[in-house]
Amino acid sequence: MEKCTSSEVGVDEGGWLELLLSEAPEADFAAHEHRLAQQRGSTERAAGEAVAALRIRALLEQRTQRARELATLNEVAADLTATGRRDQLGLIDDIVVHARRVLGVDMAYLGLEEASRRLRIHAVSGALTPHMVGMSMAAEAGLAGEVLSHTRPAWTDNYETAPFNHHPDNDAAARAEHARSVLGVPLLGRDRVLGVLFVLERRPRRFTGEDIALLVALAAHAAVALDNQQLVQRYQDGLAQLNQVNCELERRTGELEQALRWDNMLTQVVLRGGQVADLLAEVRTLAGRPVHLVTADGPPPEGIPADRLAAVHATLADLSTSSPSRSATGSTAPVASEPGLYPVVAGRRVLGALVTEPATTLAHTEPALGPALDAESLGSEVATGSEASGDISGAQPWRPGSVGAGSATAADGSRFLDDQYIDRLLARAAPALALTLTRAEAVDEAARRARDSFLSDLLNNPGADPAVLDRQMRFAGLDPSTRYDVLVATAGTTTTGDGLAALRAAAPKNAVVADLGSRTVIVLPQDAVAAVTDSWSTRFGSVTAGLAGPVAAGARGTHTDGADGPGQAGARLGRTYREAGQIVDALLALGRVGELCTAEDLGIYRVLLSTAGRAGLRTAIERNLGPLLSAEQRRGVPLSATLLAYLEHNLRPGAAAEALAVHVNTLYQRLEAVTAALGDDWRQPARRLDLHLMLRLRAALRALPD
């Protein structure tokens, strides 16, 4: 713009300065020009002065407008960059409002570029419809595409005919707003383009360089504000995440301190020689509610409803058959499948489960239960644990919420421990209980093996000294003043030990049960024999057993012939044991699996029990079957087996041939050989009975151990 001097204007002579200072309208300048022309009688000079004055007036207005715009821009910049600003959406709303006010346009809107290369409109000022906010458009289409692709301002005074890549969605939105002239400038962040700031006129307008520069300046301030706001947001998000991690770390640290406290207390119980009941009492104190140990084969604890107990047993069965997983304690254990239940596991064995009722609100008049220790006091206690007396009754009460999470206080003052607290407590108590249970099992197993050894020594190697015999009985868990029967059992041909396990379980507490070799020996007091032997086959399946002793011999009830002298009971037990074992041998040799017999029950087969009886039996067999056995050996044909099968099947040739797996004609030929060896009278009933008995006794005798 050209500069004017006062000499050119002649302000001292014409009075133009007053008009300029008073910011008079243009009409006043025209009236003043007319007056000067009349006064001077010349219009040429007055017209020149008027033109110069109007030029100065326009220059002053332009500078005033520029100063106003700069002041507004500074105000906007200060507002946008003010600390403690609202969130990003509020900041974007302010940007479009300021853009519309500063440029004096019908509408302003702002879109931010997304990671998917689309531009989403976040704020609009002066819109005719509500559809613009939230609209997503392709970043490479429309005027936005021109701005983003070249990162410089782009404008048009006729949107519909503008030579850029039109998009149907963008054009539809422009028509809805009656857009005519549109100007867009990029929002340039530190290292990327944040988006585009648009202004829109609904009538033709040619945006000047000053308009573009002003909007670019406003966009620059807006970009800085947006960039800063995003940085602050990222910082706040990071701080929130850090606080969350810190809270989680603090919670886990509290849980670890709590777990160490529990471990220390439970370990002290174990080191003091506490049993399962002592550990459960400690856990109940910490939990503030009943806690039970449920095992698969143990007696049901009192206080657990039947449906709850059934559900626990079902869970134990599932855990026993499922694949174990690594627990938090480092042991291999199935994971608890429900609150208030945690398995007690040793290796891959599920010993049972700790059970309590989940999420129960408990009101206490005393301080809340459970330990509360800071790290320093915890370390001090652990360090001096070996020197402590083991008394934990003086431990400071734990306050819900003071260590870690998992506890709370209700509004009425009652305190409850939630499922997470209880599950963590059960998880820490389970290994200690598993250790105690396995220790008890080991002690019981050692005691059982020692008792078995003492009983075996008593039965197989009784001492000669009566005092030694009585001492052996006591070592084996027997009373020398009590009379006992001995039951020897074997599983026979069964492939499982279920029957023997049921037999062991049926033995009364005052009986002694031992596994000697492949057989189970039960030494029973006289008054307990019937409780074990009644309904034998129904209860114990194919278990074969022999019973010997006073009751087995028919002397039921207590004996009245006076008490045994020193050593007599022990000496009698050895003889009784051998007799019971011989009965089992005889039953197995006769094929009578699943029976319980005494010597009297064997009848004529009792001859198999004694050495003398077996010797006489061999003589009788030789006398009755000698010719048949000689013919069998000479011919190489199983004549004795053929005759036994024929007699066993009641003289029916077809059944006997099928049993021997031979043709019936072969059977007839063998029977002719039998007749030739034994004579024609072997078919007579009396002779046939003797032969049948001799054949069965011979088979049993051959099956007996030497």
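Criteria and thresholds
- Residues numbered from 1 in each chain as written.
- Predicted model: local features only at pLDDT ≥ 70, side-chain atom pairs only at ≥ 80, totals over all residues.
- Heavy atoms only, no water.
- Pairing = 2+ DSSP bridges.
- Helix = DSSP H or I, 4+ residues; strand = E, 2+ residues; numbered from the N terminus.
- Contact = heavy atoms within 4.5 Å.
- Axes fitted to C-alpha atoms, helices over the stretch in contact; angles between N-to-C directions.
- Buried < 20%, exposed > 50% of the residue type's maximum accessible area, 1.4 Å probe, protein only.
- Parallel < 35°, antiparallel > 145°, perpendicular 65-115°, else oblique.
- Nonpolar A, V, L, I, M, F, W, Y, C, P; charged D, E, K, R; others polar.
- Salt bridge = Lys/Arg side-chain N within 4 Å of Asp/Glu carboxyl O.

Asks: Could you give an account of the sheet that holds strand S18 (residues 544-548), naming the residues involved and the relevant values?
Replies: Adjacent strands of a sheet form backbone hydrogen bonds with each other and so pair up, either parallel or antiparallel. Taken in spatial order, the 5 strands line up as S16-S17-S15-S18-S19 in an open sheet, and their pairing is mixed. The open sheet is flanked by strand S16 (512-516) and strand S19 (596-597), the only strands paired with a single partner. Pairing between strand S15 (residues 484-490) and strand S17 (residues 519-525): 6 bridges, direction antiparallel. Counted as the bridge partner of Val486 is Val523 from S17. Sitting on the sheet, helix H18 (residues 568-589) is in contact with S15, S16, S17, S18 and S19, with an inclination near 145 degrees to S18.

Asks: Quick one: what's the story with the sheet that holds strand S10 (residues 341-346), residue by residue and with numbers?
Replies: With antiparallel pairing, the 3 strands of this open sheet are ordered in space as S7-S11-S10. Of all the strands in the sheet, the pair left with one neighbour each is strand S7 (292-294) and S10. The sheet shows a mean angle of 30 degrees between the axes of neighbouring strands, direction not considered. Two strands pair when backbone bridges link them, and S10 and strand S11 (residues 349-355) are joined in this way by 6 bridges, in the antiparallel orientation.

Asks: Break down the side chain of Thr490 for me, citing the residues and quoting the values.
Replies: Here Thr490 is to be found in strand S15. The exposure class of Thr490 is buried, given its relative accessible area of 10%.

Asks: Outline the packing of helix H21 (residues 653-660) against helix H22 (residues 664-678), supporting the account with residue identities and numerical values.
Replies: In the contact formed by H21 and H22, the axes pass within 9 Å of each other and the chain directions differ by 100 degrees. Taken together, the axes of H21 and H22 are roughly perpendicular relative to one another. Contacts between H21 and H22 involve Pro653, Ala656, Ala657 and Leu660 from the first element and Val664, Leu667, Tyr668 and Arg670 from the second. Among the residues forming the contact of H21 with H22, the class breakdown is 7 nonpolar, no polar and 1 charged.

Asks: Give me the pattern of salt bridges: which residues, what numbers.
Replies: With the rule as written, the count across this model stands at 24 salt bridges. The salt bridge partner of Arg252 is Glu248, with a shortest N-O separation of 2.7 Å. Separated by 4 residues within a single helix, Arg252 and Glu248 lie in helix H9 (residues 209-271), roughly one turn from each other. When the shortest N-O distance is used, the salt bridge between Glu445 and Arg448 registers 2.6 Å. Taken as a pair, Glu445 and Arg448 lie in helix H13 (residues 419-460) at a separation of 3 residues, close to a single helical turn. Residue Glu445 is classed as partly exposed on the basis of its relative accessible area, which comes to 28%. Take Arg448: its relative accessible area is 26%, and that puts it in the partly exposed class. Among the charged side chains, a salt-bridge network with shared partners connects Asp106, Glu201, Arg203, Arg205 and Asp211.

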